[in-house]
Amino acid sequence: MLRALIVLWGLASLAFAASAETRYALLIGNEDYPPTVGQLTLPHEDVENMRADLMQAGFPVEHIKVLRDATQTDINLAVAQLSSDLRSAGEDSIGFFYYSGHGGSAESAGQRANYLIPAKSPITGAEQLPILGVPVNSIVDALAASDAKAIFIVSDACRNTLPFTSSKGGAADKGMVRVPRKKGLYIAFATADGATTPDDGLFSRALSKRLPQKGLSADRAFTLALREVAAARPGNAMPFTADGLTEDICFAGCEAAPAAVTNSEDLDYVSATRQNTVDSYLGFITRYPQSSFVQNAQEAIVKLFYQEHDSAEKYMADDLIIGPPALLAAIFHAGEMADLRDEPNSAYLLYQITCFSGYSAACTDYADAIRWGYGDEEEFETADGTIDVEARTEAEVVAHQVGCAYGGAQSCNWLDQNGTVRWPSCEQAIGTDAPNSEFCGMIADLNVRPVASQ
C-alpha cells in the first residue's frame, strides 16, 4: 500500500510540474455541411482524439472547449473567449486552437488568404469565402493579442471532397497558402501548400498521440506527426508550419524519458513507412499490437493492396487473401472504416473478400451487407429488373455458413436461431456430396487458414 501511494504521489507531482502554465484549448469539429460544400464524417472524432490527449498532456478538462458543427458566429465568439482567457491568465499561459472541417483559400484585396468554412454555410464558391468564411488571419491576430507565452494554431482542413472552385483560383481554392511566422505562435496546417487532404482522421491521430509524450517538445511532436502524415499520403508532400516559438514547450514535461524506451516504437513505425511494404507494416503490428500506430499501419496495408503493390501480390490468390490474421484484420478494418464513411459498396467488397479468406468476423458483416442491399444489386436482379429476394436471402445464409465453418460463433448462433442446418466441417465435407465440399476443397488447395475472430 505504501509503495502504491508513493508511486501515485510521484505521478501527481509530475503532472503538476508539466502543467505549471495555465492552459486553454478550443477544439472545433465541423461535419454538417450542405451539398454545395460536402458532408464530412470524421471531424467530431478528430476533436475527441485531441481532447483526450490534451487532457493527458496536462490541459485541465474545464479549460478545453469543444464545438461541433460551429457557425461563423460560434467560431468568432469562441476565439474571442479563448483570447480573453489567455490574457486573464497572464504571460505564462498557453493556448491551443484546433480546427477540423472544410477550409480553403481565396483572393481578397489582391492577396490570397486562408479561411475556415463554418458548418451549415451556404457557400457555393470560393469567392464567397471572405464574406461567409472565418479568416485564419483574424484568428491568428486575435490570439496573438492575448500576449500568451505560446499559442498553437492547428488547421486540419482542406478536404479534397470540397466541390467548388473559383475562376481565379481553380483547384487551388481547396488548399491553403503559407502564412508568415509570428512571435510566440506555432501555426500548423495538415496539408502541403495548396494541397488537399482526405477525410481520414490521420493528422488528428498522428498529432494527438504525441502531445502527451514525456520529454518531447511541442515543435518536435508536430514535426513527427507531420512526417507521418506525409509518408502515408500520395506524393509525400510535407504539410507546412510557421514556427514562431521563442522557447521549448513540452506539454508533458521536458525531462527525457528512460533511455530504454525512448521512441523505439516511433522509430520502428517510421522505418516501416520508409520500407512501405505489406511485410514491414505487418512486422510492426506483430511487435506492437497495442500501439496507437496500428490503425495507420492497417490503412497503409490496404492502400498497398489497392495499388496492387509488389509486396501485396504474394498474399493474393484467386480473389482471396492468403496471409496471417493481422493481414486479414487490416482488410476487415478497412471495411469497417468504409462503413463509417457511408461507402457501402466498398464495405461490401472488403467484408466479402475477408470473409471468404478465412476471417470469420467479416462473414457476419458480409451477411448483414447483403441483407441491407450493399454491393451490386444486379447480382440479385431478375430478368424483369426486380430483386430476387429469395436469392439474396440464400446468399445471406451462405455468408453465415462460411463464417460458421471458419469457427465464427456469431454466424453459428445466427444459423441456430434461424433453424438453419450448419454445413459440416471441412474435414468431414471434402470428398463427399456435402453442400460445402467444393468450397472446402478450394480453400484446402489454397491453404486458407481460418481465423475464428469472434
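Scroll up a little and you will see the structure.
All figures in this text were calculated on a predicted structure; none of them were measured in a lab.

J.: How would you sum up the sheet that holds strand β6 (residues 134-135)? Please name residues and give values.
T.: Spatially, β4-β5-β6 is the arrangement adopted by the three strands of the open sheet, whose pairing is antiparallel. Among the strands making up the open sheet, the edge pair consists of β4 (103-108) and β6.

J.: Lay out the pattern of salt bridges with the relevant residues and their values.
T.: Counting across every chain of the model gives 13 salt bridges. For the salt bridge of Asp-32 with Lys-120, the shortest nitrogen-to-oxygen distance reads 3.5 Å. Of this pair, Asp-32 sits in the loop between β1 (23-29) and α2 (43-56) while Lys-120 sits in the loop between β5 (111-116) and α4 (129-132), and the two are 88 residues apart along the sequence. Accessibility expressed as a relative area gives 28% for Asp-32, which makes it partly exposed. Note that Glu-228 is salt-bridged to Arg-210, the shortest N-O span being 2.9 Å. With Glu-228 in helix α7 (residues 218-232) and Arg-210 in the loop between α6 (202-208) and α7, the pair connects residues that are 18 residues apart, well separated along the chain. In this structure, Glu-228 and Arg-210 share a single accessibility class: buried. A cluster of three or more residues bridged by salt bridges with shared partners is formed by Glu-48, Arg-51 and Arg-68.

J.: Go over the packing of aromatic side chains with me, naming the residues and quoting the values.
T.: As enumerated under the stated definition, the model contains 17 aromatic pairs in all. Ring centres 5.8 Å apart and planes at 70° place the aromatic pair Phe-356 and Tyr-366 in the edge-to-face group. With Phe-356 in helix α13 (residues 344-356) and Tyr-366 in helix α14 (residues 360-372), this residue pair connects regions lying 10 residues apart in the sequence. Feature note: the residues Phe-59, Phe-96, Phe-152, Tyr-186, Phe-222 and Phe-251 constitute an aromatic cluster, connected by ring pairs.

J.: I'd like a rundown of the sheet that holds strand β2 (residues 64-68), residues and numbers included.
T.: The mixed open sheet is built from six strands, whose spatial order is β2-β1-β3-β7-β8-β9. Of all the strands in the sheet, the pair left with one neighbour each is β2 and β9 (241-243). Adjacent strand axes in the sheet meet at a mean angle of 10°, parallel and antiparallel pairs treated alike. Looking at chain direction, β1 and strand β3 (residues 94-100) are connected through seven bridges and run parallel.

J.: An account of the state of the cysteines is needed here, citing residue identities and associated values.
T.: Here a disulfide denotes one covalent bond, and it connects the sulfur atoms of two cysteines. On inspection of all chains with the given rule, the structure shows two disulfides. The partner cysteine of Cys-355 in its disulfide is Cys-363, sulfur to sulfur 2.1 Å. Measuring the twist about the S-S bond at about 100°, one finds the Cys-355-Cys-363 disulfide to be right-handed. Of the residues examined, Cys-355 reaches a relative accessible area of 0% and is grouped as buried.

J.: Kindly report on α2, identifying the contributing residues and their values.
T.: The terminal C-alpha atoms of α2, which comprises 14 residues, lie 20 Å apart, in line with the 20 Å expected from a rise of 1.5 Å per residue. Within α2, the full set of buried residues consists of Pro-43, Asp-46, Val-47, Met-50, Asp-53 and Leu-54. Looking down the long axis of α2, one finds its buried residues gathered within 140° of arc, a one-sided arrangement. Buried residues belonging to α2 abut β1, β2, β3, β7 (150-156) and α6. Two residues or fewer after α2 comes Gly-58, characterised by a positive phi angle close to 115°.

Calculation criteria
Residues numbered from 1 in each chain as written. Predicted model: local features only at pLDDT ≥ 70, side-chain atom pairs only at ≥ 80, totals over all residues. Heavy atoms only, no water. Pairing = 2+ DSSP bridges. Helix = DSSP H or I, 4+ residues; strand = E, 2+ residues; numbered from the N terminus. Salt bridge = Lys/Arg side-chain N within 4 Å of Asp/Glu carboxyl O. Buried < 20%, exposed > 50% of the residue type's maximum accessible area, 1.4 Å probe, protein only. Phe/Tyr/Trp six-rings, centres within 6.5 Å; stacked < 30°, edge-to-face > 60°. Axes fitted to C-alpha atoms, helices over the stretch in contact; angles between N-to-C directions. Disulfide = S-S within 2.5 Å. Expected span 1.5 Å × (residues − 1). Arc of directions from axis to C-beta. Contact = heavy atoms within 4.5 Å.

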